[in-house]
Structure formats: structure tokens, C-alpha cells
Amino acid sequence: MMKKLLKLSAVAALATATLATAGTLDDVKKAGILKCGVNTGLPGFSEADSKGQWRGLDVDYCRALAAVVLGDASKVKYVPLNAKERFTALQSGEIDVLSRNTTNTETRDTSLGINFTGVMYYDGQGFMVPKSLGVKSAKELDGATVCIQAGTTTELNLADYFRANHMKFKAITFDTNDQVTKAFEAGRCDVLTTDASGLYATRTKLANPEKYVVLPEIISKEPLAPAVRHGDDQWFDIAKWTRNALLTAEEKGITMANVDEAKAKSTDPEVKRLLSVEGKMCDNLKLEKGCFYNAIKQVGNYGEIFERNVGVKTPLKIQRGLNALWTQGGLQYSPPFR
Amino acid sequence: MPSFLRDEKIRGILYQIIAITLFVGFLFYIAQNTAHNIEQRGIKTGFAFLHDTAGFDITESPIPFTPASTHLKVFEVGLLNTLIVSFWGIVFSSLIGLLIGIWRLSPNWLINRIAAAYIETFRNIPVLLQILFWYNVVLATLPSTRHSLNFFNAVFINNRGFFMPKLVFQDGAWMIGAAIVAAIIGIIFVHRWAKKRQEETGEQFPVFLTGIILLIGLPLLAYLIAGRPVTAVYPELHGFNFRGGKTFTPEFLALLFALSIYTATFIAEAIRSGIEAVPKGQKEAATSLGLSPLQQLRLVILPQAVRIAIPSIINQYLNLIKNSSLAAAIGYPELVTIFAGTSLNQTGQALEILLITMLTYLLISLIVSLILNWFNAKMKIKER
């Protein structure tokens, strides 16, 4: 009996991991809802508020994509995923897009059957410690116990960094960010490490944030990007150009508030193409006219999304830094709408 | 209808053949479909990843492990940790289960009720919740490293774990091992001799006491003769943490605790039903022979009760081994946590890794049940 059950479950696991899908765009249109994989809880990026509404930078990307494809930013089904589940969920078709502070790396891009769209947030890995330890630099962490989320690039960087600096460490790994935070707060480990944005987000969740300090070292590049399944170029294009539209809107100064005015009066040819006044930008993607207009009208441009969720006026107080537009000395850059 | 089809036996076989063909065909279709989809998506397949560098670290490993080790090594570490926690879980749950099972039938009202309350409480709460509960309780109540509970500067307890001196064996330590083996052989010999003597003359010999003296005395003698070849390494606070000595992490302790306490309730019930299944006349006969209550239990009731209880206890052992995979919730690095968890995510080879993991559990379970079934067959009353 046991043998039979195990056999069956093996078959079920194989079958569910590989349901074939036709075009993702058709599937989403048919379902009338976008299935978006998000973080289980990371303030500023993806978190359900007290009313069960999902909020955050990663969440706003899902909303923008839903507005582009379906014309309505609220037509999103959020699927909270931990780091270990996320790629399988995407590969198996459980979600249409993964927007979950995921680092674009060579291995993931080439061997997991997924494609990364443009970078939504340029990040890097850092360390947080209790002030009472008196540690001023990551170089003083020899022998420390580190709390970390399993299956992340962070986990690999950590090992590399300590190895490169001839230091030893003990890693305690957990499935979710919440478990990591809880263990860190309970004193199970000396150090919490994740992407710097995640550290600031996590710090807002601690009972006494002022008792903890983020160390100055940033030990890695973490370009966080949404991802879609490999092999569906049309859907990949839509996902890429949604992000590009948000960036171009900021560059051109088009906001939620003035997008209608821009649509009516702007004389800038690129703005006209972006807002479907001229050209066939949405047609090329097999979408309704005004697809990007919907996203900007309902969700806002990249700068608005950034400031609303993680900017200096939020509890996270993150400066634009690398995430400023290329025109302002940052890295955020969109190819032209032409 | 041809005549042979009217034969019930032949029809039965025919149905079986059709069913098997359909089932195999279904499996084949699934495998084909899977392979096709994987290829189309550009997902890498195969088992070559096992020899790639893992790149991450594992906290507790019975064998040397560094981030430069391979995923195969991750598998080995995970498997060993699963076996270690399962082994101790089986030992402790058996001991607790036996005790509670006997208490459950005690004529003493208080003891009887305590056992019942224990069983009803811990049997009816999901084991995952119990694991999380113990883990969080352990972490919340224990002091930080610098304020460790200190016992004679040898044993330290804090929220990083339970630190105790580790024994280091030097040249000549083999003599102690040899002494233990000799003691065990001696005890078996004494036991046989005593039994034979009792059967012949009716006189009893204190086998238990002699056994203890042999088991402690012989190794001690060897230790002194060999020039004290065993020393201890004491844990010492060094920078962030204690170094040296033997450590039990909170993850290990919480998992072991939860699994033992949970599984013990089922074993206790198995023992209880075993004892209740022993005919009442056996106990009355034992009483009339003048055996004390403890002797009745040890010599008459338990040997029969355990026989009845063994099959269901085997199932509980298998459950315990499988439940150990819930460790993923608290990060104890066993097979599912590090291999079917971290390795899977770092390599993305979900199918291969899940297949290996499932086969491994299947194999462990089959081996355990094989051993215990053999034991069961041996223990069964020989009916002639």
C-alpha cells in the first residue's frame, strides 16, 4: 500500500510540475486575472496589509502588468511564495509572472527555464547586527552565527564572502523571511543577512528597531527582476515593456495625476507613442490600444511606485541611489518607445 | 462470447492484465510528456549537478562539510542527520511510550490520569505545531551566549544550544572498548548460567547486579590499566560563540523533543492495548505463583503484550522517520531541509532531487520494516 501511494505521489509530482500551457497571454485573457507570485511578507516590496490588500514595489509591478494586459490593475491573484517554492511555481504554470525580489543570475537565467525581465530594483547584500555586539564592520564577524533564508543567492554570497576573508561562520537557515526575523530577534544568531532593502524592511518589523544596526559593507550585486517562463517570447516582451513604460513615464514626467492631460495635449512624439495617441506600440504586443496608459493611470510611474512603497517618506526611508533614472545619475534606464 | 471468457478465473487474469497495461501506459505517457515539456522550456536535466559545488554552508554535520563540498555531500549530510534524529527519536519515544503505556493501566488513580492526560494532549496536536512550539519555547527561555547557564564550567546552556565536554580517545583507548565487549559477553554468559542453575536447583542469582558491576567495573579497570587514555575537550567561549566540546543545537533538541513526545503517545497506546489483550488469567496465575507486581509485569505480562504491540509500534517508528522531514520548519539540516530544500532551490533540479529524496525515504522505510518484521517473526509465539 505504502509503495503504491509513494508511486502515485511521485507521478502526481511529475505531472503537476509540467502542465503544458499554450500562450500565457491567451491564458491570462481567458482567465481574466493575472496570477502573480509575490513574497510572503517583505515590507515595502510585498506585504498584505491589515485588510488583506497586497502592497509594495513588487506588488505594484503585478498591478501594472494586469493594467497593461487586462486594463484593470485590480485583476491580480497574488500567490505568496517562499524562496524555495518560487521557481517551481513559475515553471509549473501556477503563476504567470514571478515578481518577488528575485536576483537575476546566470545560472537561474540559463538553467531554470525562466527569463528575467528588466530590473525593478538594484540591490546588494548587507548585514544587520544588534548594537550590543559592538561590531562596526562585517570584517569583525569571524565565528558569528548568521540567520539566513534558504535557497537564496544571499546564502551563496555569504559563504563566498566569509571564505574570501578567511573567516568562519555558522549559518542557520529558514524557509521564510518571518522565521529568519523571529530567530534573529530571539538571539538564535548574531547576524541577519539579506539584500540591503530587505534589511531595512526587516528592521521595521522588529520590536526595537533602534537596537539594531546595518553594517556598511555591501558584498554583492543583486539586480532584482521579475521573471516569466522561458519559451513564450510574446509574454516576455509584454513583461519587459511594462517595466520600460513605467520608467519612460517617469523620465517624461507623466504621473497618475497628469497622464490624461499628457494624452490630450503632449506634443512629444515618444509620449504620444507611449500613450497610444500615435503608433502601434500596443498592437505590436497584441494588446488593446492604450495598454500603457492604463498602467500609468492606475499604478503611476516608476518614481511614484518607488516613493510610495520604499522611498524616504515611508518607514523604510530608502534613497533612490542606484535606482534613480539614468538622467539623475542612477542605473534605471528604458530603451526608447519607438 | 467465446467459452474461455466465461471462465471466472481467466476473466480475472484478463482484467488484471488490462489494468496493468493501462497503468504502465499512463506512467509512460506522463514520463514522455514531462521530458518533452522540460526540453521545451530549456530546463536542465540529469544527475550531473550532484557533483557541482554546493556553495552554501550547513550548521551541523556529522561529517566534514564546507561550502566547497558537492551537492552529493549535501545529500549525505542530510541523510545522516535524518538517521541520527530518527534513531534517538525511536529510542526516546520507545522509553517514554513504554512507561506511559504501563502508567495508563496503573491502579493508582493519579498516575493513571496523568498518563491519560499526556496521551490525549500530545496525540491530538499536529506534530508540526509541537515542533514550532518547542523550538520557540526553547529559544525564548534560554539566555544569550554571554549569559549562559553554567554548570561547573563544563556544561553550558544558552540559545545557541547545549554545550558539553567531548571525549577524546587516545592511544590505548581500544582497551576500554574491548572491556565493554568483554563485559557484554560476560553478562550473556552469567545470564545463561544463572538461568540453567535456577532451572536445576531453583536458586536465583543476582544477574542484574552482576551485570552492572561488570559493565562499569571492567571498562574502568581497562581505563586505569591503559594509563587513562581518555581526555575531555571543554567548550570555551571564544568571540561570538562556544568552541570545542559537543554541541546540541536548539533545532536538534526541539525536533527530537517534539518527535519523541508525539510518537510516544501512539506507542503508549499500542503497549496499553497489548497489555489489555493479555488474558486476565495470566495475571491471576502469576499472582498465585507468588510473583510480585513488578515480577508479574516483567516476566509474564510484558513479554506477551510486546508481542501484540510490535506491529503497530513498527508503524509508529516509520511515521517518526517520515515526520522528521517537518524539520524544514525550524531549519534542522536533515534530508528534506537541505537536499530537497536548499539544494533543490540552488540548482533548480526539482524532478531529480524529489525523485532521489522519495526513493531514499522509501528505502529507509523498507529497511526498517524489514528488520522489525524479522524481529516480530522471531518474537511471535511459536505455534506448533
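Calculation notes
- Residues numbered from 1 in each chain as written.
- Chains lettered and ligands numbered in written order.
- Predicted model: local features only at pLDDT ≥ 70, side-chain atom pairs only at ≥ 80, totals over all residues.
- Heavy atoms only, no water.
- Helix = DSSP H or I, 4+ residues; strand = E, 2+ residues; numbered from the N terminus.
- Rg over C-alpha atoms; globule rule 2.2 N^0.38 Å.
- Buried < 20%, exposed > 50% of the residue type's maximum accessible area, 1.4 Å probe, protein only.
- Contact = heavy atoms within 4.5 Å.
- Areas by Shrake-Rupley, 256 points an atom, 1.4 Å probe, with all protein chains shown as cover.
- Lys, Arg positive; Asp, Glu negative; His and termini not counted.
- Charge placed at Lys NZ, Arg CZ, Asp CG, Glu CD.
- UniProt positions renumbered as here; feature names shortened; annotations may be inferred.
- Buried area = accessible area lost by both parts, 1.4 Å probe.
- Salt bridge = Lys/Arg side-chain N within 4 Å of Asp/Glu carboxyl O.
- Polar contact = N/O pair within 3.5 Å; in protein donor to acceptor, adjacent residues only side chain to side chain.
- Nonpolar A, V, L, I, M, F, W, Y, C, P; charged D, E, K, R; others polar.
- Domains from an automatic or database assignment.
- Phe/Tyr/Trp six-rings, centres within 6.5 Å; stacked < 30°, edge-to-face > 60°.
- Lys NZ or Arg CZ within 6 Å of the ring centre and 35° of its normal.
- Pairing = 2+ DSSP bridges.
- Axes fitted to C-alpha atoms, helices over the stretch in contact; angles between N-to-C directions.

## Quick look at the overall build of chain A
So, point 1. Within chain A, the regular secondary structure consists of 14 helices and 14 strands.
So, point 2. Taking 20 Å as the expected radius of gyration for a compact globule of 338 residues, we find that chain A reaches 21 Å, a close match to that expectation.
So, point 3. A buried classification covers 58% of the 338 residues belonging to chain A.
So, point 4. Considering only contacts within chain A whose residues lie at least 6 apart along the sequence, 72% involve residues at least 24 apart.
So, point 5. A total accessible area of about 13900 Å² is found for chain A, and carbon and sulfur atoms account for 53% of it.
So, point 6. Side-chain charges of chain A comprise 44 positive and 39 negative groups, with the mean position of each set lying 3 Å from the other.

## A short note on the UniProt feature "domain: Solute-binding protein family 3/N-terminal" (unreviewed entry) in chain A
So, point 1. UniProt annotation of "domain: Solute-binding protein family 3/N-terminal" (unreviewed entry) refers to residues 33-262 of chain A when read in the numbering used here.
So, point 2. Counting secondary structure, residues 33-262 of chain A comes out at 35% helix and 24% strand; the distance between its end C-alpha atoms is 29 Å.

## Overview of the UniProt feature "transmembrane region" (unreviewed entry) in chain B
So, point 1. The sites that carry the UniProt feature "transmembrane region" (unreviewed entry) are, in the present numbering, residues 12-31, 79-103, 124-142, 172-193, 205-226, 252-271, 326-344 and 350-375 of chain B.
So, point 2. Annotated as 100% helix and 0% strand, the span residues 12-31 of chain B places its first and last C-alpha atoms 29 Å apart.

## Some remarks on the interface of chain B and chain A
So, point 1. Listed by partner, the interface residues are 46 residues for chain B and 55 residues for chain A.
So, point 2. Summing both partners gives a buried area of about 4300 Å² for chain B against chain A, and 57% of it is carried by carbon and sulfur.
So, point 3. Its largest share of buried area at the contact with chain A, chain B owes to R41, F240 and N345 of chain B, together 19% of the area lost on that side.
So, point 4. The interface formed by chain B and chain A holds two salt bridges in total.
So, point 5. Across the pair R188 of chain A and E251 of chain B runs a salt bridge whose closest N-O atoms are separated by 2.8 Å.
So, point 6. At the junction of chain B with chain A, the criterion picks out 11 residue pairs in polar contact (both at pLDDT 80 or more).
So, point 7. Counting only elements with at least two residues in the side of chain B that touches chain A, the list comes to α1 (8-41), α4 (127-141), β7 (241-243), α7 (250-277), α10 (335-347) and α11 (350-379) of chain B.
So, point 8. Per-element accounting of the side of chain B that touches chain A gives the leading share, eight residues, to α1 of chain B.
So, point 9. Of the residues contributing to the side of chain B that touches chain A, the split by class is 21 nonpolar, 17 polar and eight charged.

## Some words on the domain arrangement of chain A
All names here are of chain A.
So, point 1. Per the domain assignment, the segments of chain A are domain 1 (25-120 + 225-328) and domain 2 (124-221).
So, point 2. Its C-alpha centre places domain 1 at a distance of 29 Å from the equivalent point of domain 2.
So, point 3. If you look at the interface, domain 1 gives 17 residues, while domain 2 gives 16 residues.
So, point 4. Counting every contact that joins domain 1 to domain 2 gives zero salt bridges.
So, point 5. Applying the counting rule to domain 1 against domain 2 returns three residue pairs in polar contact (both at pLDDT 80 or more).
So, point 6. When the residues that make up the side of domain 1 that touches domain 2 are grouped by side-chain class, the tally is seven nonpolar, five polar and five charged.

## Considerations on the pattern of salt bridges
Residue and element names in this part refer to chain A.
So, point 1. Summed over all chains, the structure comprises 17 salt bridges over all chains.
So, point 2. A salt bridge links D260 to K297; the nearest nitrogen and oxygen atoms lie 2.8 Å apart. Within this pair, whereas D260 is found in helix α10 (residues 259-265), its partner K297 is found in helix α13 (residues 291-299), the two being separated by 37 residues in sequence.
So, point 3. Overall, D260 belongs to the partly exposed group, its relative accessible area being 35%.
So, point 4. Using a relative accessible area of 34% as the deciding quantity, one classes K297 as partly exposed.

## A look at the packing of aromatic side chains
So, point 1. Summed over the entire model, instances satisfying the criterion amount to 23 aromatic pairs over all chains.
So, point 2. With centroids separated by 5.1 Å and ring planes inclined at 65 degrees, the aromatic side chains of F133 of chain B and W134 of chain B adopt a geometry described as edge-to-face.
So, point 3. Clustering of aromatic rings is evident, with ring pairs tying together F45, Y121, Y302 and F306 of chain A.
So, point 4. For the cation-ring pair, K246 of chain B lies above F248 of chain B, with the distance from its terminal atom to the ring centre recorded as 5.2 Å.

## Some details on the sheet that holds strand β2 (residues 155-158) of chain B
Residue and element names in this part refer to chain B.
So, point 1. Here we have four strands laid out as an open sheet, ordered β1-β2-β3-β8, and antiparallel in their pairing. Both edges of this open sheet fall to β1 (149-151) and β8 (246-248), since each of them pairs with a single strand only. The average undirected angle you get between the axes of adjacent strands in this sheet is 15 degrees.

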